[in-house]
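Residue strings, one per chain:
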Amino acid sequence: MSKPKLAFFKLSSCAGCQLSVLNIEPVLLDVLGAIDITYFVMAKRSNYHGPYDIGFVEGAVTSPRELEELKNIRRECNLVVAMGTCACFGGIPSIKNFTGMTQRQMEEKVYSELWDIKSIPVQGIDYYIPVDHYLRGCPIDLEEFLTLVKSLLKGVNPHFRFHSVCNECKLNENICLLVNRGKACMGSVTASGCNALCPSLGRECEGCRGPASDCNAESLAKTFSKELGLDKADIVRKFRKYAGNTSEFSKGAGDNE
Ligand code: SF4
Ligand code: SF4
Ligand code: SF4
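In this report, the structure presented in the accompanying data block is examined. (Residues numbered from 1 in each chain as written. Chains lettered and ligands numbered in written order. Predicted model: local features only at pLDDT ≥ 70, side-chain atom pairs only at ≥ 80, totals over all residues. Heavy atoms only, no water.)

Notes on the site of ligand 2
If you check the shell around ligand 2, you find V165, C166, C169, K170, C176, L177, L178, C185, G187 and P199 and nothing else. When contributions to the shell around ligand 2 are tallied by element, the ones reaching two or more residues are α7 (165-171) and α8 (177-181). With four residues, α7 is the single largest residue contributor to the shell around ligand 2. (Near = heavy atom within 4 Å. Helix = DSSP H or I, 4+ residues; strand = E, 2+ residues; numbered from the N terminus.)

Rendered as structure tokens:
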């Protein structure tokens, strides 16, 4: 029986999620015997055209060229996985959507030669194509990546839970940075899956995994304002840093006010 063909694609991104996958090479060896990594430009010299069984897409869509590329990926892949917060929600590149500038004004700020430049507002990939699975995080969590790959190889859907980071933080018995230290932690509105990485190291959660399933961003925004004294601009920046495109975090940013 032929092995499932995996492909890794990059749109607008920092390549950090692909790099993370490369960093787990020793663990990946576990499953390497069962898969064929057919296309992974960052990792291999020889890459082959589709069709593929599973396509991992890193990065957000920021140009018409990438949109065409994404549509081709969808045609070539049986399953498509949004890999990382850029692909899931637009991620850090989506901050651009809230500058108040036109596309042309932003292009002029970044590029000196404009003849070949055409940008569009930044979106996660499911804005344009159906997506089968999501790996959140900036970068992705490697345990989740392996769970997903192993599940798909067995033909079952992984069951990821997106309750808040606070749940994992409590299980780790951390002192709450929001309540006890007055730090603007986003853990209560952010999806778990990282084992509360940042609060466990004494840093507030920045919301990199996007909204939790029971997200109440408006309430947290009020806490930031009334109890921590953050000004409006700082609160807006916090909710737009990784997932400002989502309806949940846009409420925290006050987009509906
Ligand atoms: S999600 Fe983060 S680490 Fe992954 S590609 Fe985007 S910016 Fe880089
Ligand atoms: S430190 Fe952050 S993640 Fe942990 S319990 Fe407090 S608000 Fe939640
Ligand atoms: S604690 Fe928050 S910012 Fe840190 S990795 Fe987890 S979701 Fe991302």
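Having put the structure on the table, let's press on.
Describing the packing of aromatic side chains
Going through the model one piece at a time under the given rule, you end up with 10 aromatic pairs. For the pair F9 and Y52, a centre-to-centre distance of 5.7 Å together with 70° between the ring planes defines the contact as edge-to-face. Note that F9 is positioned in strand β1 (residues 5-10) and Y52 in strand β3 (residues 52-58), a separation of 43 residues in sequence. Classification of F9 by relative accessible area gives buried; the value is 6%. The interplanar angle of 55° and the centroid separation of 6.2 Å between the aromatic rings of Y39 and Y52 together place this pair among those described as tilted. Within this pair, whereas Y39 is found in strand β2 (residues 36-40), its partner Y52 is found in strand β3, the two being separated by 13 residues in sequence. Judged by its relative accessible area of 24%, Y39 falls in the partly exposed class. An aromatic cluster is present here, built from F8, F40, F56 and F145 joined pairwise through their rings. In this structure, R136 packs its charged tip against the face of F162, placed 4.1 Å from the ring centre. (Phe/Tyr/Trp six-rings, centres within 6.5 Å; stacked < 30°, edge-to-face > 60°. Buried < 20%, exposed > 50% of the residue type's maximum accessible area, 1.4 Å probe, protein only. Lys NZ or Arg CZ within 6 Å of the ring centre and 35° of its normal.)

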